[in-house]
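# Summary of structural features
The residues making up each chain are set out below.
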Amino acid sequence: LPKGEWLTRLAATAQDNVQLIGAQIDAGVVRSDFGTASITATQNANIGTITSSSTTTVTGASITLDRSNTAALTLNATSGDLVITDDLVSNSAVNLAASGDIRFESIAGGSTFTGDAGGDILFDTATTSNGNLQLIAGGILTGTLADTLTANTIASGTAAVILRAG
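First things first, this report covers the structure right here in the doc. Nothing here was measured: the structure is a model prediction, and the numbers come from that model. (Residues numbered from 1 in each chain as written. Predicted model: local features only at pLDDT ≥ 70, side-chain atom pairs only at ≥ 80, totals over all residues. Heavy atoms only, no water.)

## Topic: the overall build of the protein chain
The secondary structure content of the protein chain amounts to 1 helix and 18 strands. Among the 166 residues that make up the protein chain, the fraction classed as buried is 42%. Partitioning the contacts of the protein chain with sequence separation of at least 6, the portion at a separation of at least 24 is 5%. (Helix = DSSP H or I, 4+ residues; strand = E, 2+ residues; numbered from the N terminus. Buried < 20%, exposed > 50% of the residue type's maximum accessible area, 1.4 Å probe, protein only. Contact = heavy atoms within 4.5 Å.)

Here you go:
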């Protein structure tokens, strides 16, 4: 696409890797059966559903994501907010970053779960089944449940919940 073009109303499906690059990306479905999913928007990334058996990375000025079921998940809103409107599941690490706010309903991570916001972090449920959970907000941090779920990691002292605001 010529520079500055938008990818809109897109459904991208591949057996292996999916890579989307554009100024503004509006995708309903992104699915990679056996590979990675990589989405890079110089402006905003608005994604309906992401499914990937491997690493998934979304970068944009701001990001809105409905739902996701992936291995490792990284979401980076470089100059705005990160908004997740439905449930996310990751079989591995979850890394969330935003220069503005991070807002989500429920995220279940398989290992380490980190969230770092320049603004607020607002959520309902944040869990990890095997590792640390760390949420750091430059402003307010508000949520209902932040938990590491595996008794083995808790008993061995290898899991921690770290919440830091303002």
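On we go from here.
## Examining the side chain of T125
Relative to the helices and strands, T125 is located in strand 14 (residues 121-128). At a separation of 3.3 Å, a polar atom in the side chain of T125 contacts the side chain of D124. (Polar contact = N/O pair within 3.5 Å; in protein donor to acceptor, adjacent residues only side chain to side chain.)

## Considering the sheet that holds strand 4 (residues 37-41)
What the 8 strands build is an open sheet, ordered 2-4-6-8-11-13-15-18; its pairing is parallel. Looking at strand neighbours, the two that pair on one side only are strand 2 (18-22) and strand 18 (161-165), the edges of this open sheet. Averaged over all neighbouring strand pairs, the angle between strand axes comes to 0 degrees, with direction disregarded. As judged from the 5 bridges shared by strand 13 (residues 113-117) and strand 15 (residues 133-137), these two strands associate in the parallel manner. Bridge assignment links F113 to a residue of strand 15, and that residue is L133. (Pairing = 2+ DSSP bridges. Axes fitted to C-alpha atoms, helices over the stretch in contact; angles between N-to-C directions.)

## Some remarks on the side chain of S90
As for its placement among the helices and strands, S90 is situated in strand 10 (residues 88-90). You can call S90 buried: its relative accessible area is 3%.

## Focus: the packing of aromatic side chains
For any two aromatic rings, the description comes down to two numbers: the centre-to-centre distance and the angle of the planes. A full pass over the atoms with the stated rule returns 2 aromatic pairs. Measuring from centroid to centroid gives 6.2 Å for F104 and F113, while their planes differ by 40 degrees, and the two rings are tilted. Taking relative accessible area as the criterion, F104 reaches 3% and is therefore assigned buried. Its relative accessible area of 0% is what places F113 among the buried residues. A ring pair is formed by F104 and F123, whose centres lie 5.3 Å apart and whose planes are at 15 degrees; its orientation type is stacked. With F104 in strand 12 (residues 102-109) and F123 in strand 14, this residue pair connects regions lying 19 residues apart in the sequence. For F123, a relative accessible area of 8% translates into the label buried. Grouped by ring-pair contacts, the aromatic residues F104, F113 and F123 constitute a single cluster. (Phe/Tyr/Trp six-rings, centres within 6.5 Å; stacked < 30°, edge-to-face > 60°.)

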